[in-house]
Amino acid sequence: MQGVPGMIARRLVQLLPVMVVSTFVVFSLVYLMPGDPAIAIAGEYASDERIAEIRAIYGFDRPMILQYFTWLGNVVTGDLGRSLFSYEQVSRLIIDRMPHTLLLVLYALVIGALIGIPFGILAATRQGTTLDKVITSIASLGVAVPNFWLGIILVATFALSLRWFPATGATSIFEDPGRAIYFMTLPALALSTSVIAVLARQVRSALLEVLNSQHIRTLRAKGLSSGSILWKHGLRNVAATMLTITGLQVNQLFSGAVILEAVFAIPGLGSLITYSALNKDFPIVQGVALVLVVFVILVNLLVDVLNAILDPRVAAST
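**Student:** I'm lost on the overall build of the protein in this one. Help?
**Tutor:** Tallying secondary structure elements over the protein gives 14 helices and 0 strands in all. Helices (α) and strands (β) of the protein occur, in sequence order from the N terminus, as α-α-α-α-α-α-α-α-α-α-α-α-α-α. Burial statistics for the protein: of 318 residues in total, 41% are counted as buried. Across the protein, every contact between residues at least 6 apart in sequence was considered, and the portion connecting residues at least 24 apart equals 73%. For the protein, the exposed surface amounts to about 16,900 Å²; the carbon and sulfur share of it is 66%.

As C-alpha cells, this is what we get:
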C-alpha cells in the first residue's frame, strides 16, 4: 500500500495504542479528582451503609481495572453513562452543547489564520523594517496576554460600553447561523489572539528561512520578480509548516475555550465540564474529556493527511 492511503492506514494503526492510553487516562480522572464519588452522590452526611450501597450500585467497590474495561466496553458502543445527579445521558448532553464549542474553536481558528498568516508574510518580506518590528512586538504581546483577560476587556468595551455585541450567551447555529456567529464574535476574537501571534511568528521564521536559501538566491539571480518568488516558491515551501502549526493550535483553542465559555456564559463543552467537575459529576467529566481528546487526535490525523497531499514525500517517510 503506497502513497496517501498507505500513510493513513499506518497512522490509524499507530493511533490505536494512543487511543487506548487516552481512554485509560480519561477514566482515571475519577481517581485523580479530590473526594470520594460515592460520598458525593450519597451526600456528605450519609451513613456508611448508604455510601457502601452507592459504591455497589456504581461499581466503585470493584477493582479499578475491571471498572475501566466495563466503562471502555460501554464507550465503544456509544454509551458514555449518565449524570450522577440529573440522570441524563452524557452523550445527549455532549451533543447538545458541542456545536457551541466547535463554532467557537473554528471561528477563532479562521480569524487567527486570516490575520496571523498575512502578518507573518508581511513581516518576512519586510525584514528589519518598522513594520516587521511592530508585527513581531504585537505577536509577542499576543502570546503573553491571557485570553480570559482580553475577553473581559472586549466585553467591557464592545458589549457594555459601545453595545455592539452581546456580553454573554449563545444561539444555536442550526436555528440562526448569522445570529450564532454574531454572539460568538467577541469570544472568538479573544480566543484567536494566541493563534494570530503564534502563526505570525512561525510563518515569518519559516518564510525567512526559505527566502534566504541558496535556491531562492539563484532564482533572484535569474531575474524572477519578488512577487513570483514569494507566491510560487516561498509560500509553497512553507505551506506544510503553516498547516502543521494551525493544526497544533486547535489543541490550545479547546483549552482556551473552557475558560472563555465561563467568561461569556456560553453553554458549551467547556462550561459543562467545569460545572460537572465542581459538582463531582464524574461521568460527564470523563465523557467530555474523552470527546475533546478524540477531536485533538482526529485533527492531528487530518493535518498529517493534508501534509501528505501537499508533499508526497511526507507520505513515503511516515
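Having seen it, we continue.
**Student:** Is there a simple way to explain a nonpolar patch on the surface in this structure?
**Tutor:** Together, F24, Y31, M64, I65, L66 and F69 make up an exposed nonpolar region whose accessible area comes to about 550 Å². Per-element accounting of the nonpolar patch gives the leading share, 4 residues, to helix α5 (residues 64-76). Looking at the secondary structure, you find F24 in helix α1 (residues 3-27).

**Student:** For this particular structure, what's the right way to read the packing of helix α6 (residues 90-125) against helix α9 (residues 177-211)?
**Tutor:** Running from N to C, α6 and α9 cross one another at 35°; their axes reach a closest spacing of 5 Å. Where α6 crosses over α9, the handedness of that crossing is right-handed. When the residues that make up the contact of α6 with α9 are grouped by side-chain class, the tally is 28 nonpolar, 6 polar and 1 charged.

**Student:** What's the story with the packing of helix α7 (residues 130-144) against α9 in this structure? I'm lost.
**Tutor:** At their nearest, the axes of α7 and α9 sit 8 Å apart, and the two run at 135° to each other. If you check the angle between α7 and α9, you find them oblique. Once α7 is placed against α9, the crossing between them reads as left-handed. On α9, the residues touching D132, T136, A139, S140, G142 and V143 of α7 are T193, S194, A197, V198, A200, R201 and R204.

**Student:** Help me understand α5, please; the structure alone is not making it clear to me.
**Tutor:** At 3.6 residues per turn, the α-helix brings residues three or four places apart onto the same side. For α5, built from 13 residues, the straight-helix expectation of 18 Å at 1.5 Å per residue is met to within 8% by its first-to-last C-alpha distance of 18 Å. Listing the buried residues of α5 in full gives Q67, Y68, W71 and V75. With its buried residues spanning 100° around the axis, α5 presents them on a single face. Every exposed residue of α5 that faces more than 90 degrees away from the buried side is listed here: F69 and V76.

Definitions and cut-offs
Starting afresh in each chain, residues are numbered from 1 along the sequence in its written order. Owing to the predicted nature of the model, reporting of local features is limited to residues with pLDDT of at least 70; listing and counting of side-chain atom pairs is limited to 80 or more, with chain, interface and lining totals taken over all residues. As a convention, hydrogens and water are excluded, and side-chain values are obtained from all of the structure's heavy atoms. Put simply, DSSP H or I for four residues or longer makes a helix, DSSP E for two residues or longer makes a strand, and each gets a number counted from the N terminus. We call a residue buried when its accessible area falls under 20% of the maximum for its residue type, exposed when it is over 50%, and partly exposed in between, using a 1.4 Å probe and counting protein chains only. The contact criterion used is simple: two residues touch if any of their non-hydrogen atoms lie within 4.5 Å. In this description, accessible areas are obtained by the Shrake-Rupley approach with a 1.4 Å probe, and a residue is regarded as covered only by the protein chains that are shown. Nonpolar side chains (Val, Leu, Ile, Met, Phe, Trp, Tyr) are joined into patches within 5 Å and like charges within 9 Å, using only residues with over 30% relative accessible area and no salt bridge. In the sections that follow, a salt bridge refers to a side-chain nitrogen of Lys or Arg positioned within 4 Å of a carboxyl oxygen of Asp or Glu. Between the N-to-C directions of two axes lies an angle of 0 to 180 degrees, each axis being a line fitted to C-alpha atoms and, for a helix, fitted only over the stretch in contact. By convention, the crossing between two helices is left-handed when the near helix turns anticlockwise from the far helix through less than a right angle, and right-handed when the turn is clockwise. Classification convention: Asp, Glu, Lys, Arg as charged; Ala, Val, Leu, Ile, Met, Phe, Trp, Tyr, Cys, Pro as nonpolar; all other residues, Gly among them, as polar. An angle below 35 degrees is treated as roughly parallel, one above 145 as roughly antiparallel, one from 65 to 115 as roughly perpendicular, and anything else as oblique. Here a helix's expected span is defined as the number of its residues, less one, multiplied by 1.5 Å. Starting at the helix axis, one direction is taken to each C-beta atom, and the arc is that of these directions.

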